[in-house]
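Okay, here's what each chain looks like letter by letter:
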Amino acid sequence: MLTKFENPIYVTRPVLPDLESLFYRLEEIWKCKLITNNGPKHNELECILKKYLKADNISLFSNGTLALLLGIKSLELDGEVITTPFTFPATLNALKWNNLTPIFCDVKESSLNIDEEKIESLITHKTSAILAVHTFGNFCDVEKIQEIADKYKLKVIYDCAHTFGSHINGKAIGNFGDMAMFSFHATKVFNTFEGGALIYRDEKLYQKLNLLKNNGIENSEEVRLPGINAKLNEIQAAIGLEVLKLVEEEEEKRKKIREEYIKNLENVEGIKVITKENSCQYFVIEIQKEYGKSRDWIHEELKKYKVFTRKYFYPLCSDFNWYKNLESARPKNLAQAHKSVNQVLTLPFYGDLEIEDVKKICEIIKFLKEE
Ligand SMILES: *Cc1c(COP(=O)(O)O)cnc(C)c1O
């Protein structure tokens, strides 16, 4: 019989900045007394992230949701946007707040990302964009998606919340499509406690996004458009400057943890590893029929051992009350998404997780199969 963990093991643990270095940065803020509205720390972080993410153009925001919402706004899209049901609600909410209708496209079994082979059949004269998510850090087929977008003159936006710092064939992940959103939420590999960014191709958007995130205020005489407040403040920026120093070490640790999980789980019948190579954001498996027990059952059983997993991204966004009557939201059109969303399980994954604990979590999962 396996014993339970002494302390609860959660699915993630935030990367926290070194306190002493943070104090030093706070002192600088206190001295200069600029605490928001594009202060020096904000500008420094913007500059450093621009290099880190190899961005042509970048803007920072108070969180990822507002970054995406305002990014979509700045592109002046209308009508319909083809997207995935298998994502965090923020992706869809950013469309809703822009009065855009999502057209749900089923996902691929291998990556749980939008199925590029099914996109074209969903395009109508109302389609203005494709909003894709690199779910769990698995890469979308960026080439095929761009091909379709070029053919039909659609904009392409990527939700890169799970792919901070990733590259596809040497090209930085934010440089695909017209625009990419990053989230710096506490749970993300790089965090500013709360925060977000957009990377985009069209440099003219920089000024527009500045207006959009600052209530449209051009100067003391002029308000140019109905914006909102989505500015990243100086404390968020200071945290970001310190956390960024820790990201690579965190990623190295997570890579070892991922390898350990894969080594212990990939040959277990009925367990499929979803996050194979790229992602340092989550470690996700599917509990398939051959495992002999349901995902919901194992999710509950693991709690008895004080292991708290998550069912990301259950429920599907297409099942939200305000979307479920759309033709594209019908379960028969989203068969793979419906199957996978009842099988996925996100396991504890963070740099401070001991390898011994990873082994034990795997032992429990194997033991539960035989129980
Ligand atoms: C975290 C996340 C976001 C944005 O979240 P914020 O908390 O607003 O920064 C958007 N999409 C996905 C897929 C996410 O995981």
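Residues numbered from 1 in each chain as written. Predicted model: local features only at pLDDT ≥ 70, side-chain atom pairs only at ≥ 80, totals over all residues. Heavy atoms only, no water.

**Notes on the layout of surface pockets**
Reasoning step 1: There is about 430 Å³ of room inside the largest pocket.
Reasoning step 2: Taken together, 27 residues form the lining of the largest pocket, with Phe88, Pro89, Lys188, Tyr282 and Phe313 sitting closest to its centre.
Reasoning step 3: Those elements that provide at least two residues to the lining of the largest pocket are helix H3 (64–74), helix H4 (89–96) and strand E8 (179–183).
Reasoning step 4: If you tally residues by element for the lining of the largest pocket, the top one is H4, at 3 residues.
Reasoning step 5: Across the lining of the largest pocket, the residue classes break down as 12 nonpolar, 10 polar and 5 charged.
Reasoning step 6: In terms of lining residues, the second largest pocket is bounded by 21 residues, among which Phe164, Gly165, Ser166, Glu251 and Asn278 are the most central.
Reasoning step 7: For the lining of the second largest pocket, the element with the most residues is helix H9 (residues 247–265), which contributes 4 residues.
Reasoning step 8: Per-class residue counts for the lining of the second largest pocket are 6 nonpolar, 9 polar and 6 charged. (1 Å grid on protein atoms, 1.4 Å probe; cavity = no way out; pocket = protein on both sides within 12 Å on 5 of 7 lines; lining within 4 Å. Points joined across faces, edges and corners; volume = space filled by probe spheres on them. Helix = DSSP H or I, 4+ residues; strand = E, 2+ residues; numbered from the N terminus. Nonpolar A, V, L, I, M, F, W, Y, C, P; charged D, E, K, R; others polar.)

**Concerning the site of the ligand**
Reasoning step 1: The full set close to the ligand counts 15 residues, and Thr65, Asp159, His162, Ser183 and Lys188 are the nearest of them.
Reasoning step 2: Measuring from a nitrogen atom of the ligand, one finds a side-chain N or O atom of aspartate 159 at 2.7 Å.
Reasoning step 3: Histidine 162 has a polar side-chain atom sitting 2.8 Å from an oxygen atom of the ligand.
Reasoning step 4: Considered on its own, the ligand offers 380 Å² of accessible surface; in the complex 94% of this is hidden by protein.
Reasoning step 5: In this structure, the ligand is accommodated by the largest pocket.
Reasoning step 6: Those elements giving two or more residues to the shell around the ligand turn out to be H3, H4 and E8. (Near = heavy atom within 4 Å. Polar contact = N/O pair within 3.5 Å; in protein donor to acceptor, adjacent residues only side chain to side chain. Areas by Shrake-Rupley, 256 points an atom, 1.4 Å probe, with all protein chains shown as cover. Sits in = over half its atoms within 2 Å of the grid points.)

**Side note on the sheet that holds strand E13 (residues 283–287)**
Reasoning step 1: If you trace the 3 strands from one edge of the open sheet to the other, you get E12-E13-E14, paired in antiparallel fashion. The open sheet has two edge strands with one neighbour each: strand E12 (271–273) and strand E14 (344–347). Each strand axis lies, on average, 35° off the axis of its neighbour in the sheet, ignoring direction.
Reasoning step 2: Pairing of E12 with E13 involves 3 bridges; the strand directions are antiparallel. Within E13, the position partnered with lysine 272 by the bridge is glutamate 286.
Reasoning step 3: Where H9 meets the sheet, its contacts fall on E12, E13 and E14, and the angle it forms with E13 comes to roughly 20°. (Pairing = 2+ DSSP bridges. Axes fitted to C-alpha atoms, helices over the stretch in contact; angles between N-to-C directions. Contact = heavy atoms within 4.5 Å.)

**Observations regarding the packing of H3 against helix H7 (residues 205–212)**
Reasoning step 1: With their axes 10 Å apart at the nearest point, H3 and H7 run at an angle of 125° to one another. Between H3 and H7, the angle falls in the class oblique. In this structure, H3 crosses over H7, and the sense of that crossing is right-handed. Every residue of H7 that contacts H3 at Leu70, Gly71, Lys73 and Ser74 is listed here: Leu205, Lys208, Leu209 and Leu212.
Reasoning step 2: Considered class by class, the residues forming the contact of H3 with H7 number 4 nonpolar, 2 polar and 2 charged. (Parallel < 35°, antiparallel > 145°, perpendicular 65-115°, else oblique. Left-handed = near helix turned anticlockwise from the far one by under 90°.)

**What about the sheet that holds strand E9 (residues 196–200)?**
Reasoning step 1: Spatial ordering of the open sheet is given by E1-E9-E8-E5-E4-E2-E3, a layout of 7 strands whose pairing is mixed. Sheet topology places strand E1 (58–61) and strand E3 (101–104) at the edges, where each strand pairs with a single neighbour. Geometrically, the sheet is characterised by an average inter-axis angle of 25° between neighbouring strands, direction not taken into account.
Reasoning step 2: Summarising the sheet, E8 and E9 pair through 5 bridges and their orientation is antiparallel. Paired with alanine 180 across the two strands is isoleucine 199, which belongs to E9.
Reasoning step 3: Running at roughly 165° to E8, H3 makes contact with E1, strand E4 (127–133), strand E5 (155–159), E8 and E9 of the sheet.

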